Amino acid sequence: MSAAASPLSTTADLLVCDQLGVGVPGRPLLATVHTQFVPGRVTAILGPNGAGKSTLLSMLSGQRTPRSGRVRLAGKPLPGWSALALARQRAVLPQETAVAFDFTVQEVVEMGRFPHRQHPSRHEARIVREALASTGVAHLAGRSVNTLSGGERARAHLARALAQIWEPLPGGAARWLLLDEPTAALDLAHQHQTMALVRRWAVEQGVGVVAVLHDLNLALRYAHGVVLLGQGRCEAGPTAQTLTPAAIARVWGVACTEVRASDGVPQFLVAGAAAPGLPSKFE
Amino acid sequence: MSGVAVALPGARWTVGRLSPRAALTMGAMLVLLAFVWASTQGAYAIAPAQLWQVLLQAVGAAPSAEQAPEYLVFINIRLPRLLMGVAAGAGLGLAGALMQGLFRNPLADPGLIGVSSGAALAAALTIVLGSYWLPDLPRTLGSWALVGMAFGGGLLVTALIYALAQADGGTRMGLMLLAGVAVNALALAGLGYLNFISTDEQLRNLQMWLLGSLGGARWSAVALVGSIVAVACGLGLALARSLNAIALGEAQAALLGVPVERTKRLAVLVTALAVGAVTAATGIIGFIGLVAPHWVRLVAGPDHRVVLPGSALLGAALVLAADGVARTIVQPAELPLGVLTAFIGVPLFLAMLRQFRSKV
Amino acid sequence: MWHDGLNDAVRRQLLRGMAALPLLSAAGARRAAAASPARIVSLGGALTEVVYLLGAQGQLVGTDTTSLFPEAAQRTAKVGYMRQLSAEGLLSLKPDAVVGTTEAGPPVVLDQVRSAGVRVELVQADHTWDEVQRKVATVGRVAGREREARALQASLDAQWVAVQKVVAATTRRPRALFILSHSGSPMVAGTGTAADALIRFAGATNAITQFAGYRPLTAEAMASAAPEVLLNSTQGIEALGGEAAFWQRPELALTPAFRRKALVAMEASHLLGFGPRLPAAVRELHTRMQAITA
């Protein structure tokens with residue numbers, strides 16, 4: 001796919017998957033991904049369990065080596081980047097983070113500033129404060145992170161990821177936010193607040209956001225584009241064109257109908273299994 | 001961020017903690033107090049007035065034509081022992097904090113990487129077999145041979161455990177733990193065998209060495225151990241922010257740009273150096289590396305920028321205090337320091353286990 | 001070797017002070033003996049016994065934990081176990097001299113004591129009659145009682161010669177085995193031990209010749225060693241709960257000694273102390289072994 005780039009970034013500033021073989025060594029190949037992510041937009045990675053969503057994200061972040069093919073950031077393959085340079089440019093939010101010892105939420109968010117310790121900003125304290133406020137955990141700053149609920153912990157770690165790439169880079173290179181199921185532990189209101197927040201970052205600050213999502217409707221509402229994994233195939237493109245009932249039926253095996261929410265955004269109502277022989281509702 | 005300040009101005013801490021500056025100041029004061037108290041303690045009675053005279057003579061502010069016995073006792077016996085205590089406590093405390101940060105577990109201890117058992121095995125080899133191979137070694141050189149062998153043994157066993165922990169291009173802490181258990185057991189077996197073939201005299205010498213003691217600390221040993229511990233502290237303190245990030249997990253830390261493998265390597269090396277030097281000179285002194293970082297965390301939080309220096313300071317104070325008791329409680333004889341720290345440390349360790357039982 | 005001074009000035013001071021010591025000690029020893037007798041710390045039961053025999057107990061300011069005979073020695077200040085001494089502890093007794101065997105240590109502590117001007121004399125322990133002679137001579141020298149020491153030496157030598165004659169006169173040489181402790185397998189004395197020397201002095205043969213030092217012995221090995229008489233210390237028998245409990249040990253049942261219940265138990269420091277009581281110990285051991293294996 002090559003969608004229109006956001007006016008805040010150059011086309012050279014892409015996160016490119018070049019014939020990327022997604023899979024774990026020793027198991028069959030899940031999919032071959034050949035696409036590029038554009039900064040200033042939110043791209044959702046969707047698919048059923050085991051389709052390789054988290055694996056793909058870990059290859060995008062450089063945590064995992066590809067089985068075949070390469071990932072390039074700003075034209076340079078990932079292995080060519082130093083860990084510190086990568087960390088200044090892209091932040092990763094994993095599904096689960098267990099924190100050893102009784103660090104407070106504020107201390108955890110400060111850990112996100114590690115890549116900048118050689119050249120600290122003039123506003124380190126303010127960055128941490130504002131990052132805490134942006135995900136709504138400022139009132140928990142002094143609490144030990146292990147005593148929080150799942151949702152509060154998730155928001156604390158999101159604040160850490162945001163703090164990591166808070167300030168624009170010298171030279172104007174695009175920053176990237178890679179999120180692995182950022183809404184899994186959140187309640188309804190916080191799911192939407194979080195997705196709205198990252199979409200704002202993308203649109204207003206030109207950050208490239210790539211998020212693994214489970215909820216199709218969140219993707220429909222907040223993602224500019226999707227990467228659809230499943231059945232050994234990879235489909236990538238703008239949300240409206242790629243995430244169709246036919247595609248959903250093919251990948252998930254469920255039938256769905258499109259409806260419009262009260263603000264006009266298209267959403268899907270899922271009707272259950274579409275494959276023949278399967279009951280349409282639970283007996 | 002180069003500063004140590006963690007608290008935001010006006011922030012309300014739900015978790016009650018000392019600020020880093022307050023905690024480290026308190027630690028330094030504890031060391032000072034312990035040092036002053038310990039310098040007045042000893043089997044040889046030195047009145048405070050006499051002590052003051054000795055100090056004046058030492059800095060050349062008083063005539064020292066006549067070497068009073070108090071002067072010799074304090075300068076040649078008590079003072080080097082106090083300084084060795086500071087070095088030993090600082091080295092053990094720092095190493096304990098490093099290991100707990102590396103293993104991401106508050107129950108970790110420098111012994112996990114085999115330094116103590118390696119030093120003990122090498123010391124046993126020297127005591128038991130050394131008399132066969134080098135029977136005519138002059139006594140002083142012989143005691144230095146023991147120190148050198150113990151230091152080398154500690155480093156060697158640590159290197160072995162470190163090598164066994166290498167997998168998939170990196171150091172796996174879980175492997176290191178298991179390798180440590182296995183190699184420690186092997187060293188213990190070796191020690192048992194050496195116990196078996198040793199003569200009565202060698203056995204007693206070995207057992208006494210194992211119990212740990214600051215007795216026999218001399219200026220040359222203090223200089224050597226002190227400089228090694230100083231270097232270890234310098235290297236170790238630089239790892240503070242990396243260890244903080246490693247608390248998120250090694251994968252996350254790597255994604256934050258932490259040089260995880262290099263941090264692990266350096267932490268293991270610093271621990272081996274500090275604990276190896278201390279153990280070689282004093283035998284096995286336990287529980288300082290376990291207890292000091294725990295107390296610092298209780299009072300000042302888990303930020304390694306406070307825990308690392310704080311553990312060194314608290315460790316030094318603890319060793320000074322314990323040794324002060326060890327050399328006066330059964331005077332004119334002396335209790336082995338390792339026995340005393342175990343008596344204090346085991347109940348504390350059990351209390352910690354109770355506190356952490358839900359998290360282990 | 002490292003010189004452990006604080007700095008140059010202090011080191012020079014120490015050297016000056018210590019250079020004067022040999023002059024002081026040689027000339028002053030005789031003067032000191034006449035003026036004020038040397039304060040002595042004794043490390044080792046045998047050496048302490050010699051101190052009392054020479055009448056120098058008034059000079060004794062401290063002893064180690066093995067100095068239990070005579071009973072008065074138990075009331076002196078105890079400096080701890082001889083292998084793990086404390087420098088300050090020793091010096092706090094303000095001794096002029098420390099006597100011990102070469103087993104005393106750690107060496108660094110003894111060096112520190114020496115550098116404080118205390119005379120440290122160590123006797124080589126090699127389980128011979130010479131060892132006893134050396135102990136008597138050393139204590140005599142250090143306590144300034146050479147005359148008494150020579151007299152004691154002569155008397156002990158005479159006792160020794162007499163005992164040796166008695167032992168040589170008997171023709172029967174029983175096989176003996178010394179048991180140190182009974183935890184699990186019994187620890188027995190092989191060659192090179194004080195017990196081995198005692199057995200030979202008393203005209204018996206050590207049933208164990210295959211190893212040196214103290215080793216645990218299995219029941220079968222005990223049976224094949226076939227000792228005719230077993231030796232133990234009275235403290236060891238007490239620790240087991242008496243002679244009856246001792247003979248209940250299964251590994252002893254296969255030995256020739258078991259049939260006649262041939263056990264000789266003597267007080268530990270008397271039996272193995274290698275001190276002035278050695279001739280008496282050898283005589284008693286010899287007599288009892290001959291009697292019990294007759």
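Source: prediction; values computed, not measured. (Residues numbered from 1 in each chain as written. Chains lettered and ligands numbered in written order. Predicted model: local features only at pLDDT ≥ 70, side-chain atom pairs only at ≥ 80, totals over all residues.)

Novice: Where do I start with the overall build of chain C in this structure?
Specialist: Scanning chain C from terminus to terminus reveals 13 helices and ten strands. Of all 294 residues assigned to chain C, the portion counted as buried reaches 43%. Partitioning the contacts of chain C with sequence separation of at least 6, the portion at a separation of at least 24 is 59%. (Helix = DSSP H or I, 4+ residues; strand = E, 2+ residues; numbered from the N terminus. Buried ≥ 20, exposed ≤ 12 C-beta atoms within 10 Å, placed from the backbone. Contact = placed C-beta atoms within 7 Å.)

Novice: Explanation requested: the environment of C:Gly58 in the structure shown.
Specialist: Residues and elements named next belong to chain C. Positionally, Gly58 belongs in the loop between helix H2 (45–53) and strand S2 (60–63). A count of 11 C-beta atoms within 10 Å places Gly58 in the exposed class. Along the chain, Gly58 and Gln74 lie 16 residues apart, while their C-alpha atoms are 14 Å from each other.

Novice: Sorry if this is basic, but what is going on with the sheet that holds strand S3 (residues 42–46) of chain A here?
Specialist: By definition, the strands of a sheet pair up through backbone hydrogen bonds, in either a parallel or an antiparallel sense. All names here are of chain A. Strands sit in the order S6-S7-S8-S3-S9-S10 across an open sheet of six strands; the sheet is mixed. Bordering the open sheet on either side are strand S6 (90–93) and strand S10 (233–238), each of which pairs with just one other strand. Across the sheet, the mean angle from the axis of one strand to that of its neighbour is 10°, orientation sign disregarded. Where strand S9 (residues 225–230) meets S10, six bridges bridge the pair, whose relative direction is antiparallel. Looking across to S10, one finds that Gly225 is bridged to Pro238. This element, helix H6 (residues 188–205), spans S3, strand S7 (176–180) and strand S8 (208–212) of the sheet and lies at about 150° to S8. (Pairing = 2+ DSSP bridges. Axes fitted to C-alpha atoms, helices over the stretch in contact; angles between N-to-C directions.)

Novice: Looking at this model, I keep getting lost on the interface of chain A and chain B. Mind explaining?
Specialist: How big an interface is tends to be reported as the loss of accessible area on association of its parts. Every contact between the two is made by 30 residues of chain A and, on the other side, 28 residues of chain B. The leading source of residues in the side of chain A that touches chain B is helix H2 (residues 83–89) of chain A, at four residues. For the side of chain A that touches chain B, a count of residues per class yields 17 nonpolar, six polar and seven charged. (Nonpolar A, V, L, I, M, F, W, Y, C, P; charged D, E, K, R; others polar.)

Novice: Can you help me understand the confidence of the model for chain C in this one?
Specialist: Parts of the prediction with low pLDDT should not have their coordinates interpreted in detail. All names here are of chain C. Residue-level pLDDT values for chain C average 86, and 87% of them are 70 or greater. Contacts for the low-pLDDT stretch residues 1–6, under 50 throughout, to residues beyond four places or in other chains number 13 contacts. Within the model, the stretch residues 17–34 combines pLDDT values under 50 with six contacts to residues more than four positions away or in other chains. Listed scores for the predicted complex are pTM 0.83 and ipTM 0.88. (pLDDT = per-residue confidence, 0-100.)

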